[in-house]
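Given next are the chains, with one letter for each unit.
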Amino acid sequence: MAVIQMTDEEKALLDLAYTDGARILEGKLFDYQERALAELRSCREFLKKRYPKENFKVISFQPSSRKGCVELQFVQPEKETVEYILKYEDGQYLDNFYDIPFEREYDEIVEGLLEKAGVHARVYTYFPFLISDEIHSGRELMDRRPHLGRHTALFFPADFISNDEDAEKLLERIRAVFRENGIYTSGILFFVKDAEQLKSGSVLELDAYCRNRKNAALIRSITFRSFQVDK
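This section reports on the structure supplied with the text. As the structure is a computational prediction, the values presented were derived from the model and not from experiment.

**Here we look at the sheet that holds strand β1 (residues 57-62)**
In sheet architecture, strand pairing relies on hydrogen bonds along the backbone and comes in two forms, parallel and antiparallel.
Thought 1: Read across the open sheet, the four strands follow the order β1-β2-β3-β4; overall the sheet is antiparallel. Edge positions in the open sheet fall to β1 and β4 (92-95), since each of these has one partner strand only. Each strand axis lies, on average, 20° off the axis of its neighbour in the sheet, ignoring direction.
Thought 2: As judged from the six bridges shared by strand β2 (residues 70-76) and strand β3 (residues 79-89), these two strands associate in the antiparallel manner. Residue pairing for β3: V70 is matched across the bridge by Y88.

Below you can see the structure in the form of C-alpha cells.
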C-alpha cells in the first residue's frame, strides 16, 4: 500500500468520512479511498475555478462510495456560521454559493423596485437551492432565474405600521412588486424596535439579530409568499 501525499485538510476529511483511524492519517489509502481523494480534489478545484476570489474551508465530505454522489459542505473562514453545499451528481456540479458574490447587488435591485412602490426597507435574500448555472451578477439572478426559489427578509422600523389593516396593505404592495417582476419567493417582514440595530451593520447581521429568540420581544414579524417557491 503506497503512501499518498495529502494536505492536513484532506487527511482530516477522509478520516471523518471513513473513520479508519491512523492509517488514513498516515496517507495509506485503499483504492476506493484514493478515488474519494480524487473526488475531493476535483470539488476543491471546481470551487477554486468557479469562485477564484473567494476563500473556502471544507468542513465535511461524503464520497460517491458512501452516498452515490459526491457532496461536501464548506464555509467562508470569515463567516463560519453559514454553511454551503457543493454536490457532484450525474456528471455536473451543483452548489448554493452562486448568489453570495452578488448578494448586495441583488438586494439593492429589490430595494429599488420596492422604493418605486413607496416601500422603503432594507432587504436580505438568500437562495437555498442547488443549481449548476454559473451566475455573473445580481442582475442576472433577477432577470435570468426569476422562478428560482429564494427567501427574502425585509426590515422596517417598529412604528412603520400601527395596526393590522396597515400591515395587510403593506403586504399587498410588497406581493404586487414581486409578482409584477415575476420573482418567486417566500419572505418575512421584520419590524425592529432597536433603531440603531436597524441602521447599522450588514443585512446578514440584521437577519441573524431578528431571528435570534433572545430578541423576540424587540421584533414583530409577518410572513408572506409570492407565487409558489420552485426550484
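**A closer look at helix α9 (residues 203-211)**
Because an α-helix completes one turn every 3.6 residues, residues spaced three or four positions apart along the sequence face the same direction.
Thought 1: Where α9 is concerned, the buried positions are V203, L206, D207, Y209 and C210. Angularly, the buried residues of α9 cover 160° about the axis, an arc narrow enough to put them on a single face.
Thought 2: For α9, the secondary structure elements touched by its buried residues are α5 (103-116), β5 (122-126), β6 (151-157), β7 (185-192), α8 (195-199) and β8 (219-226).

**A few points about the packing of helix α1 (residues 8-18) against helix α3 (residues 31-50)**
Thought 1: Two elements in contact, α1 and α3, have axes whose closest approach is 11 Å; the angle formed by their N-to-C orientations is 125°. Here α1 lies oblique to α3, going by the angle between them. Crossing geometry of α1 relative to α3 is assigned as right-handed. Residues E9, E10, L13, L14 and Y18 of α1 form the contact with α3, whose own contacting residues are Y32, Q33, A36, L37, L40, R41 and R44.
Thought 2: Classifying every residue of the contact of α1 with α3 gives seven nonpolar, one polar and four charged.

Conventions we followed
- Residues numbered from 1 in each chain as written.
- Predicted model: local features only at pLDDT ≥ 70, side-chain atom pairs only at ≥ 80, totals over all residues.
- Heavy atoms only, no water.
- Pairing = 2+ DSSP bridges.
- Helix = DSSP H or I, 4+ residues; strand = E, 2+ residues; numbered from the N terminus.
- Axes fitted to C-alpha atoms, helices over the stretch in contact; angles between N-to-C directions.
- Buried < 20%, exposed > 50% of the residue type's maximum accessible area, 1.4 Å probe, protein only.
- Arc of directions from axis to C-beta.
- Contact = heavy atoms within 4.5 Å.
- Parallel < 35°, antiparallel > 145°, perpendicular 65-115°, else oblique.
- Left-handed = near helix turned anticlockwise from the far one by under 90°.
- Nonpolar A, V, L, I, M, F, W, Y, C, P; charged D, E, K, R; others polar.

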